[in-house]
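Notes for the structure review
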Amino acid sequence: MFYKEPKINVGIVDDVPTIRGRFNGHFSLKGDVLFAGPFEVKTANGDVVISGPECLELARGRKIKCVHHGKGAFTLSGVPIGIHFHWERKQEQTFHGDLILQALDNGNITAINEVGLETYLLSVISSEMNANAPQEFLKAHAIASRSWLMAMLERRKGIGQGGFPARQTTKRGGEIIRWYDREEHLLFDVCADDHCQRYQGIDTNISQAAREAISSTRGVFLLYREKICDARFHKACGGLTDNFENVWENIRVPYLRAVSDAAAAHKLIDTEDEARQWVFSRPDVYCNVGDFRFLRKILPDFDRKTENFFRWRVSYRREELEEILKEKSGIDFGVLYNLEPLKRGPSGRIIRLGIKGAKESIIVGKELEIRRWLSPSHLYSSAFVVSADRDLSGIPTRFTFHGAGWGHGVGMCQIGAAVMAAKGFTAGEILKHYFRDTEMRKLY
Ligand SMILES: [Zn+2]
Ligand SMILES: [Zn+2]
């Protein structure tokens, strides 16, 4: 276990031919030479070449670490954000810490920010959480994000030596069971985009609330039996959370087990009847929030389109769903006859779904693959029941999904946690509610 703040490597710009920027303060590029001011980075003969004004060459090498002196920060222009999302754009961004420039085999460059974990988290919490969210929620989230990140880095070290695989597909006799964990990056620990956690440097409106949440929990981690917890989180559980193995690898993680998102325990889902009753009810649980003004205070990206996530409904004409299935799964089912839940987790999330068509019948899992196959983007969750309208010959004309919750449902329910904080629970109480039998400890 460590006793000082770890540093992490964040990939800022990956695989580009040139990078422009500015050292705001002194940086040593190689040896004792200090430099401040605008710079440009290109590659030549497999090396990174950094030049200053009037093309003056400052440093050259396969990998160059530009080390900050004092409170120096650096600015990069043209940093892409929201890659592959509709909000993709380029921005000028400023970072604390060191800048590592690495030449790639294809002649391009990757820029990496080596930064203290706490500085990194400050930016992440600021860009992912709304500053108006309750303070104890921001603190709980800071501890969960800090723990998740370090657990992930620990796991990454084990890859190749019997560590966790990041994804797995099992296909046998009409069954496709697939799960995805975060894809690993090779040259750095995390990227700066939504794929990992959004990190936009230090100039993007760091709120006072985020500063307080980070500084008051500095070095505090969630532990289970002396190991840092892989503290997963999701938007809204729908009333019950689910078990780790129903979403990712088939292993039992003692602190990632189903809990009721309420003070009083609700019965876990066991049968199809219970699942049906569950999605058609509006149980009194933390993430059942009727007040949308409150939600806008918590989630920066909350909009009217996402109001109905606690209980939701999606309906397709049969032909429409056949097209989506074909496009998303690559399988032509022909006329779609039936969708049958074969196995559910305790939150009601389906983990094995039978899809029966005229040409093909397949069983699909786990929850993310099911959500991916049944929507042009993703269904909110796999905790749904399906009903079909049928014509006189029994052929479906329309499929309607009634569902509960938003996200994989494992670990901390973000909306539930924010509601708990608003009700007066502390960060510690919130974390203990979602991650059972864990303890908080300050490690530096
Ligand atoms: Zn990433
Ligand atoms: Zn919840």
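Residues numbered from 1 in each chain as written. Chains lettered and ligands numbered in written order. Predicted model: local features only at pLDDT ≥ 70, side-chain atom pairs only at ≥ 80, totals over all residues. Heavy atoms only, no water.

**Some words on the overall build of the chain**
Rule in force here: The helix count covers DSSP runs of H or I at least four residues long, the strand count covers runs of E at least two residues long, and both are numbered beginning at the N terminus. Each radius of gyration reported is based on C-alpha atoms, and the globular scaling rule is 2.2 Å times the count of residues to the power 0.38. Burial status follows relative accessibility: with a 1.4 Å probe on protein chains alone, a residue under 20% of its type maximum counts as buried, one over 50% as exposed, and anything between as partly exposed. A contact between two residues is defined here by any heavy atoms of the two lying within 4.5 Å. All accessible areas in this document rest on Shrake-Rupley with a 1.4 Å probe, and a residue is counted as covered only by the protein chains that are shown. In this tally Asp and Glu are treated as negative and Lys and Arg as positive; neither His nor the chain ends contributes. Charge positions are represented by NZ for Lys, CZ for Arg, CG for Asp and CD for Glu.
Within the chain one finds 9 helices and 24 strands. A compact globule built from 444 residues should have a C-alpha radius of gyration of about 22 Å, and the chain, at 24 Å, falls within 12% of that. Projected onto its principal axes, the C-alpha coordinates of the chain cover approximately 80 × 50 × 45 Å. The buried share of the chain, taken over its 444 residues, is 56%. Across the chain, contacts joining residues at least 24 apart in sequence account for 67% of those joining residues at least 6 apart. Surface exposure of the chain reaches about 20100 Å², of which carbon and sulfur atoms provide 49%. Here the chain contributes 62 positive and 56 negative side-chain charges, whose respective centroids are spaced 2 Å apart.

**Here we look at the domain arrangement of the chain**
Worth spelling out the cut-off: How far each domain reaches was decided by an automatic or database domain assignment.
Examined at the domain level, the chain breaks down into domain 1 (7–122) and domain 2 (233–410). Each of domain 1 and domain 2 has a C-alpha centre, and these two points are 42 Å apart.

**A short note on the packing of aromatic side chains**
To be explicit about the condition: Pairing of aromatic side chains here covers Phe, Tyr and the six-membered ring of Trp, requires ring centres within 6.5 Å, and sorts the geometry by plane angle: under 30 degrees stacked, over 60 edge-to-face, intermediate tilted. By definition, being over a ring means that NZ of Lys or CZ of Arg is both within 6 Å of the ring centre and within 35 degrees of the ring normal.
Counted by the stated rule, this structure contains 17 aromatic pairs. Centroid distance Tyr-120 to Tyr-199: 5.1 Å. Interplanar angle 50°. Geometry classified as tilted. Of this pair, Tyr-120 sits in helix 1 (residues 117–128) while Tyr-199 sits in the loop between strand 13 (190–191) and helix 3 (208–216), and the two are 79 residues apart along the sequence. A residue is classified by how much of its surface remains accessible, and Tyr-199, at 2% relative accessible area, is buried. Taken together, a centroid distance of 5.1 Å and an interplanar angle of 80° make the contact between Phe-384 and Phe-401 edge-to-face. Of this pair, Phe-384 sits in strand 21 (residues 384–390) while Phe-401 is found in strand 22 (residues 396–404), placing the two residues 17 residues apart along the sequence. By relative accessible area, Phe-384 is classed as buried at 0%. Aromatic ring contacts, followed pair by pair, group Phe-23, Phe-27, Phe-35, Phe-39, Phe-74, Phe-95, Tyr-120 and Tyr-199 into a single cluster. For the cation-ring pair, Arg-311 lies above Phe-310, with the distance from its terminal atom to the ring centre recorded as 4.3 Å.

**Comments concerning the environment of Phe-310**
Of note, Phe-310 is situated in the loop between helix 5 (292–298) and strand 17 (311–317). Since its relative accessible area comes to 3%, Phe-310 is described here as buried. Taking the C-alpha atoms as reference points, Phe-310 and Val-279, separated by 31 residues in sequence, lie 9.1 Å from one another. Apart from the residues within four sequence positions on either side, Phe-310 is in contact with Gly-238, Gly-239, Arg-282, Pro-283, Val-285, Cys-287, Asn-288, Gly-403, Ala-404 and Gly-405.

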